[in-house]
Amino acid sequence: SLVSRLANPAIPTVLSFGKFIANGATNIIPNEVKIEGTFRTFDEDWRKKALSQIQQITYHTAQSFNVEAEIKILNGYPSLVNNTELYKTVKSIIETFLPEEKVKILDIRTTAEDFAYFAQKYPSLMFRIGTGGSDYCSYPLHSPNFDVNDEIFSFAHGLLSFIAYNLTK
């Protein structure tokens, strides 16, 4: 309910739990359950409030069931925000390198990425060079079956060189 009830709907927010370990059995309730997840948002003030709320909700829920809960929240990556001016400049450079149908503007994504630390200090831009969804490999990025077509590296090298050259003109 944190995201659905407390988050500002105008601020993208993701709270998901992808790991749940409860080593019981069909007739044995485990003594311990571990849950791990991720919280992502574009607003650092909301992140602080939400993490505090997660702690309070966890504590009060455990208390209401007369059990103990220990919560460890590790500092994840900050929000990754592209520099608007750099985005406009690089987008126009890319559009002179690639045919229009090859350039896709993606919706905002709550990407967890260490590049965000760099982007907090310097005007930065992160974009994706597509590698999947082709005849070569149709598996998603985090699939154990994902395989990058090595031909993309020469294309990417050319594109990145073109961008760097045009930014230094």
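Since we're looking at a predicted model, the values are computed, not measured. (Residues numbered from 1 in each chain as written. Predicted model: local features only at pLDDT ≥ 70, side-chain atom pairs only at ≥ 80, totals over all residues. Heavy atoms only, no water.)

## Looking at the packing of helix α3 (residues 84–97) against helix α5 (residues 151–167)
So, step 1. Put simply, α3 and α5 touch, their axes get as near as 10 Å, and they point 125° apart. In terms of their interaxial angle, α3 and α5 are classed as oblique. Like other packed secondary-structure pairs, α3 and α5 cross with a definite hand, here right-handed. Residues Leu86, Thr89, Val90, Ile93, Ile94, Thr96 and Phe97 of α3 pack against Phe155, Gly158, Leu159, Phe162, Ile163, Asn166 and Leu167 of α5.
So, step 2. A class-by-class count of the residues in the contact of α3 with α5 yields 10 nonpolar, four polar and no charged. (Axes fitted to C-alpha atoms, helices over the stretch in contact; angles between N-to-C directions. Helix = DSSP H or I, 4+ residues; strand = E, 2+ residues; numbered from the N terminus. Parallel < 35°, antiparallel > 145°, perpendicular 65-115°, else oblique. Left-handed = near helix turned anticlockwise from the far one by under 90°. Contact = heavy atoms within 4.5 Å. Nonpolar A, V, L, I, M, F, W, Y, C, P; charged D, E, K, R; others polar.)

## What about the nonpolar core?
So, step 1. Counting residues in hydrophobic clusters, the biggest one holds eight residues: Leu2, Ala7, Ile11, Phe39, Trp46, Ala50, Leu51 and Ile54.
So, step 2. The element contributing the most residues to this core is helix α2 (residues 44–64), with four residues.
So, step 3. Residues in contact with Ile54, not counting those within four places in the same chain, are Leu2, Leu15, Ile71 and Ile73.
So, step 4. Of all hydrophobic cores here, the second largest spans seven residues; its members include Ile93, Leu98, Leu159 and Ile163. (Core = buried A, V, L, I, M, F, W, Y, C linked by side-chain atoms within 4.5 Å. Buried < 20%, exposed > 50% of the residue type's maximum accessible area, 1.4 Å probe, protein only.)

## Details of α5
So, step 1. With 17 residues, α5 extends 25 Å from end C-alpha to end C-alpha; this agrees with the ideal 24 Å at 1.5 Å per step.
So, step 2. All of the buried residues in α5 are Ile152, Ala156, Leu159, Ile163 and Asn166. Viewed end-on, α5 has its buried residues packed into an arc of 105°, placing them on one side of the element. With respect to the buried face of α5, the exposed residues turned more than 90 degrees away are Phe153, Ser154, His157 and Tyr165.
So, step 3. As for α5, its buried residues are in contact with α3. (Expected span 1.5 Å × (residues − 1). Arc of directions from axis to C-beta.)

## Side note on a nonpolar patch on the surface
So, step 1. Judged by side-chain polarity, Phe17, Phe20, Val33 and Ile35 come together as a nonpolar surface patch covering roughly 440 Å² of accessible area.
So, step 2. Mapped onto the elements, Val33 comes out in the loop between β1 (13–21) and β2 (34–41). (Patch = residues over 30% accessible without salt bridge, like charges linked within 9 Å, V, L, I, M, F, W, Y side chains within 5 Å. Areas by Shrake-Rupley, 256 points an atom, 1.4 Å probe, with all protein chains shown as cover. Salt bridge = Lys/Arg side-chain N within 4 Å of Asp/Glu carboxyl O.)

## Considering the pattern of salt bridges
So, step 1. Overall, the coordinates contain five salt bridges when judged by the stated rule.
So, step 2. A salt bridge links Glu44 to Arg47; the nearest nitrogen and oxygen atoms lie 2.8 Å apart. Taken together, the positions of Glu44 and Arg47, both in helix α2 and three residues apart, correspond to about one turn of that helix.
So, step 3. Classification of Arg47 as buried rests on a relative accessible area of 12%.
So, step 4. Of the charged contacts in the structure, one is a salt bridge between Lys88 and Glu85, with a shortest N-O distance of 3.8 Å. One end of the pair, Lys88, and the other, Glu85, are both in helix α3, three residues apart, so they sit about a helical turn from each other.

## Topic: α3
So, step 1. For α3, built from 14 residues, the straight-helix expectation of 20 Å at 1.5 Å per residue is met to within 8% by its first-to-last C-alpha distance of 20 Å.
So, step 2. Within α3, burial applies to Val90, Ile93 and Ile94. Each buried residue of α3 sits inside an arc of 100° when the element is viewed along its axis, so together they form one side. Seen from the buried face of α3, the exposed residues on the opposite side, beyond 90 degrees, are Glu85 and Thr96.

## Structural notes on the environment of Ser124
So, step 1. One can find Ser124 in the loop between α4 (115–121) and α5.
So, step 2. Measuring from C-alpha to C-alpha, the distance between Ser124 and Tyr87 comes to 8.3 Å, with 37 residues separating the pair along the chain.
So, step 3. Excluding residues within four positions of it along the chain, Ser124 makes contact with Asn82, Asn83, Leu86, Phe115, Phe118 and Ala119.
So, step 4. Of note is the side chain of Ser124, whose polar atom sits 2.7 Å from the backbone oxygen of Tyr122. (Polar contact = N/O pair within 3.5 Å; in protein donor to acceptor, adjacent residues only side chain to side chain.)

Remember, this is a structural readout, not a statement about activity or role.
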